[in-house]
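This is what each chain is made of:
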Amino acid sequence: MSTYRLSISGVVQGVGFRPFIFRLANEFGLTGYVTNTSNGVTILVQGDKAGLEKFIENIRTDAPKHSRIDNLIIATNVEHKPLQEFSIRESQSESDKTARISPDLDICDDCLKELFDCANRRYLYPFINCTHCGPRFTITLDVPYDRKMTTMKDFKMCPDCQREYDDPQNRRFHAQPNACPVCGPRIQLFSADTKVDLVGRDTSQNEAIFTSLSEIYSDGKIVAVKGIGGFHLSCDAGNELAVSAIRARKIREDKPFAVMFSNLAMIEEYCEISDTERALLQQVAHPIVLLKKKTSKQVSPSVAPKNQFLGAMLPYSPIHHLIFHFHQKPLVMTSGNMSDEPVAFKNDDAIARLSSIADYFLINNRRIHTRCDDSVVRIWEEHEYPIRKARGYSPEQIALDWKFNQPVLASGAEQKNTFALAKNNQIYLSQHIGDMENVEVLNSFDIGIRHYRKVFDIEPEIIAYDLHPDYLSTRFAMEYPFKNSAGKKIRKIGVQHHHAHAVSCMAENGISRALAIVLDGTGLGSDGTIWGGEILLAEFTGFRRLAHFKNVGMPGGSSAIRNPWQMAVGYLHQVFGKGFIEFGLPFLKEVKPDKLEIILKAIENQINTPITSSCGRLFDGVAAIAGIRNHVHYEGQAAIEFEQTITDENVDGYIFGIESQNDMIILDWKEVIKSVVDDVLNDVKSGTISAKFHRGLANVFSEVAEKIRQSIGINDVVLSGGVFMNIHLLSMLNDLLKQNGFHVWTHRRIPPNDGGISVGQAVIASAVVKQKQLTEN
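Please read all numbers here as calculations on a predicted model, not as lab measurements.

Draft legend 1. Summary view of the environment of Asp 648. Residue position: Asp 648 is located in the loop between helix H18 (637–643) and strand S25 (657–661). Here Asn 650 takes part through its backbone nitrogen, which lies 3.0 Å from a polar atom of the side chain of Asp 648.

Take a look at the structure:
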């Protein structure tokens with residue numbers, strides 16, 4: 001008889017891995033034990049060598065579908081007394097925690113079948129789950145993953161549930177969130193006004209609750225629904241009055257809402273859908289997927305105004321399936337918050353914050369420990385292109401070809417914030433936190449960092465932050481103690497915004513040096529101006545700025561971001577002086593003369609007119625001149641609507657100038673502005689103007705990349721930054737670069753927008769400290 005010890009790391013907790021090992025060992029007649037540890041799973045197994053080898057082979061080939069084995073270390077010839085049976089032992093806590101926490105899992109087919117089986121004891125029970133499905137990350141307090149380490153510790157299993165939990169042949173063998181109507185969480189439905197239950201809380205009333213809920217939706221009311229990672233605000237997506245009411249109460253004028261559909265067939269009635277998109281919708285993560293709207297059948301116009309795409313998702317929790325079982329119409333499912341606030345996830349807080357929006361509440365008493373919004377993804381080039389990573393993906397653990405000699409905390413950016421913690425060769429990317437513009441989001445950010453530090457056992461010795469001193473994430477980093485809890489000194493490293501964008505894409509793709517085309521709206525440059533239209537020669541330890549857009553003033557400062565007409569005036573004034581006023585451009589008719597005069601004086605006197613090379617601001621200015629919109633209600637709105645006016649891509653692009661100034665290439669937009677003005681005055685359609693502008697951008701970046709390659713011989717190009725959420729520009733530029741023989745790298749796991757900044761920050765800070773230490777030694 002031989003004894004082996006197996007140490008397995010990866011996603012091996014909360015996915016039915018120990019029950020799988022238990023059954024496999026018994027199948028091969030082996031003895032020993034399996035236990036969760038703070039690093040993953042440890043197996044001690046005894047038997048003949050042939051059985052042991054087959055056991056190990058099956059672990060590699062037949063592991064549970066939601067598991068992922070990152071590393072399997074086998075120790076042979078282990079000395080241990082003979083064991084008589086195979087068992088699952090109590091979990092072991094260790095000083096070094098590396099165990100991966102499973103993301104939350106969608107309901108499995110078996111549980112879904114039981115949910116609607118009137119003979120099953122969990123019939124219509126909203127918290128049905130098993131080892132293959134249910135909440136994981138959002139209920140986890142710490143690792144190793146056991147019931148006592150989750151919020152389900154609040155509920156003691158009844159004898160029937162305990163029997164399932166202890167039965168190796170049962171699907172709920174060691175299912176930590178296991179519960180039933182007798183012993184588990186319960187739901188309530190009540191009016192926001194009276195706080196009085198519409199139906200009794202007894203679980204026998206679940207059918208009455210969901211029947212009443214359907215009537216509420218049919219009456220055009222708004223319901224706050226507590227889900228897996230927080231609250232949704234929901235209403236009938238076909239009811240214009242209800243959708244408009246959510247917009248008015250939530251103070252969210254135009255930003256698109258997500259819509260949940262009962263099944264794929266219903267989505268196909270409203271949206272065009274490819275096989276790849278169909279598969280993504282049904283993945284365990286169940287993200288919101290951006291799909292092209294059909295014109296034959298549409299939801300309320302206010303769901304996604306002036307947008308050709310719809311954010312669609314399928315039910316992923318038992319509560320959602322129950323809602324659609326009784327109400328089979330599309331529902332708006334948007335984050336349960338007031339605009340600019342974090343999503344509500346605690347009952348008392350939700351009732352306090354959402355009662356001015358929701359007419360009714362559907363809540364439950366299962367605590368959510370970590371708030372986690374829905375993820376948003378689209379398909380590009382037949383692969384996932386992430387927009388927002390959160391529920392279903394988080395916590396995102398990414399293995400890199402980079403060794404972090406010291407643990408790192410990266411505080412991210414201001415918009416679409418995420419933070420990242422790193423140690424060894426792993427990055428732990430947080431779920432989407434939100435825009436860091438108020439204390440509520442800052443508190444959520446702080447709590448999230450504390451939780452990640454605890455469950456992944458990371459005490460940062462390096463903190464990376466954005467150079468912008470006014471970002472709350474930067475202030476957080478600067479106010480962080482200079483010693484960690486272990487008494488080690490913390491080094492704080494400022495990282496330039498666009499360098500971080502570049503390295504986030506480089507690190508994801510395993511390259512350490514590249515030509516980086518980084519396009520976004522705002523990021524403080526190392527020269528004190530606002531960058532955003534950049535070509536960098538990027539490495540982990542530093543970068544060289546090789547090219548950028550011609551600078552322009554942002555008249556009115558940050559207000560120009562909310563008012564694209566101000567950017568339009570900035571560009572026009574730099575090209576024509578005040579003479580452009582006489583052109584009779586349509587967009588100026590909506591601008592009050594006194595406001596125009598204030599902006600002109602700001603430009604002429606260089607008051608509150610910071611300098612920028614931003615591609616995002618150029619999009620805003622051109623979109624305004626083309627008549628798309630003068631004011632925006634969410635980030636990038638003018639550019640998004642401008643892109644979606646494109647009807648004919650077979651046009652010649654506007655011509656950008658290319659100049660060299662002191663070893664810097666300047667992309668000059670003056671002739672583009674003149675051409676746009678000519679087209680507007682000649683009544684050329686905005687869609688044609690947009691197509692010519694997009695084509696011109698792709699052409700000039702491709703041309704400049706070739707010019708740089710001839711000078712320095714680099715062939716790898718990364719595309720990063722929020723402007724590359726623009727699929728037309730991304731596709732055009734990607735195609736041109738590839739046609740010219742470049743190796744083009746884009747994002748697949750990390751968002752190209754500011755949601756990916758923290759990954760780049762962590763790698764750069766680690767590299768910079770390594771370099772300094774080498775120099776010092």
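Draft legend 2. Representation of the nonpolar core within the structure. Ile 323, Leu 362, Ile 517, Val 569, Phe 693 and Phe 701 are the most contacted members of the largest nonpolar core, which totals 117 residues. Here the element with the most residues in this core is helix H20 (residues 686–712); it accounts for nine residues. Non-local contacts of Val 569, meaning those with residues more than four positions away in its chain, are made with Phe 580, Phe 587, Leu 588, Leu 596, Ile 599, Leu 600 and Ile 603. Phe 231, Met 266, Cys 271 and Ala 312 belong to the second largest nonpolar core, which has 45 residues in total.

Draft legend 3. Fine view of the packing of helix H15 (residues 564–576) against helix H19 (residues 670–681). For the pair H15 and H19, interaxial distance at closest approach is 10 Å and the crossing angle is 105 degrees. Relative to H19, the element H15 lies roughly perpendicular. Between H15, through Tyr 571, Leu 572, Gln 574, Val 575 and Phe 576, and H19, the contact on the second element is made entirely by Lys 670, Ile 673, Lys 674 and Val 677.

Draft legend 4. Region of the structure containing the packing of aromatic side chains. Considering all chains together, one arrives at 24 aromatic pairs under this definition. Taken together, a centroid distance of 6.0 Å and an interplanar angle of 45 degrees make the contact between Phe 642 and Phe 693 tilted. Taken together, the positions of Phe 642 in helix H18 and Phe 693 in helix H20 put the pair 51 residues apart, joining distant regions of the chain. As far as the burial class goes, Phe 642 and Phe 693 line up, both buried. Cluster of aromatic residues (ring-pair linked, three or more members): Phe 137, Phe 419, Tyr 428, Phe 445, Tyr 452, Phe 456, Phe 476 and Tyr 480. The ring centre of Tyr 33 lies 3.9 Å from the NZ or CZ of Arg 89, which sits over that ring. Lys 770 extends its terminal NZ or CZ atom over the ring of Trp 402, reaching a point 3.8 Å from the ring centre.

Draft legend 5. Focus on the pattern of salt bridges. Here the structure, examined in full by the defined rule, presents 35 salt bridges. Across the salt bridge formed by Arg 353 and Glu 341, the nearest N and O atoms sit 3.2 Å from each other. Here Arg 353, found in helix H10 (residues 347–354), pairs with Glu 341, found in the loop between strand S12 (331–335) and H10; they are twelve residues apart in sequence, far enough to count as distant. The class for Arg 353 is buried, based on a relative accessible area of 19%. We classify Glu 341 as partly exposed; its relative accessible area is 25%.

Draft legend 6. Up close: the sheet that holds strand S16 (residues 396–410). Strands sit in the order S17-S16-S18-S19 across an open sheet of four strands; the sheet is mixed. Strands at the two margins of the open sheet, each flanked by one partner only, are strand S17 (420–429) and strand S19 (491–495). Here the average twist between neighbouring strands, direction ignored, is 60 degrees. Across three bridges, the pairing between S16 and strand S18 (residues 462–466) is parallel. Bridging from a neighbouring strand, Leu 409 pairs with Ile 463 of S18.

Draft legend 7. Seen up close, the packing of helix H5 (residues 206–218) against helix H9 (residues 318–326). It is the contact of H5 with H9, at a shortest axis distance of 9 Å, that shows an interaxial angle of 65 degrees. In terms of their interaxial angle, H5 and H9 are classed as roughly perpendicular. The interaxial crossing formed by H5 with H9 has right-handed handedness. Between H5 and H9, the residues in contact are Glu 207, Phe 210, Thr 211, Leu 213, Ser 214 and Tyr 217 and Ile 319, Leu 322, Ile 323 and Phe 326, respectively.

Draft legend 8. Representation of the sheet that holds strand S5 (residues 86–88) within the structure. Ordered by their spatial adjacency, five strands build an open sheet running S4-S1-S3-S2-S5, and the pairing between neighbours is mixed. Unpaired on one side and paired on the other, strand S4 (68–75) and S5 mark the two borders of the sheet. Averaged over all adjacent pairs, the angle separating strand axes in this sheet is 15 degrees, with direction ignored. Here strand S1 (residues 2–11) runs beside S4; their pairing, made up of seven bridges, is antiparallel. Residue pairing for S4: Ser 7 is matched across the bridge by Ile 73. Taken strand by strand, helix H1 (residues 17–27) contacts S1, strand S2 (31–37), strand S3 (40–47), S4 and S5, and its axis lies near 170 degrees from that of S5.

Draft legend 9. Region of the structure containing the pairing of strand S11 (residues 309–313). The buried fraction of S11 is high, at four of five residues. Here strand S9 (residues 258–260) pairs with S11 via three bridges, running parallel. When the bridges of S11 are listed, Met 260 appears paired with Met 313. As defined by bridge partners, strand S10 (residues 288–292) adjoins S11 across four bridges and the pair is classed as antiparallel. Each bridged residue has a counterpart across the sheet, and for Leu 291 the counterpart in S11 is Leu 310.

Cut-off values and rules
Residues numbered from 1 in each chain as written. Predicted model: local features only at pLDDT ≥ 70, side-chain atom pairs only at ≥ 80, totals over all residues. Heavy atoms only, no water. Helix = DSSP H or I, 4+ residues; strand = E, 2+ residues; numbered from the N terminus. Polar contact = N/O pair within 3.5 Å; in protein donor to acceptor, adjacent residues only side chain to side chain. Core = buried A, V, L, I, M, F, W, Y, C linked by side-chain atoms within 4.5 Å. Buried < 20%, exposed > 50% of the residue type's maximum accessible area, 1.4 Å probe, protein only. Contact = heavy atoms within 4.5 Å. Axes fitted to C-alpha atoms, helices over the stretch in contact; angles between N-to-C directions. Parallel < 35°, antiparallel > 145°, perpendicular 65-115°, else oblique. Phe/Tyr/Trp six-rings, centres within 6.5 Å; stacked < 30°, edge-to-face > 60°. Lys NZ or Arg CZ within 6 Å of the ring centre and 35° of its normal. Salt bridge = Lys/Arg side-chain N within 4 Å of Asp/Glu carboxyl O. Pairing = 2+ DSSP bridges. Left-handed = near helix turned anticlockwise from the far one by under 90°.

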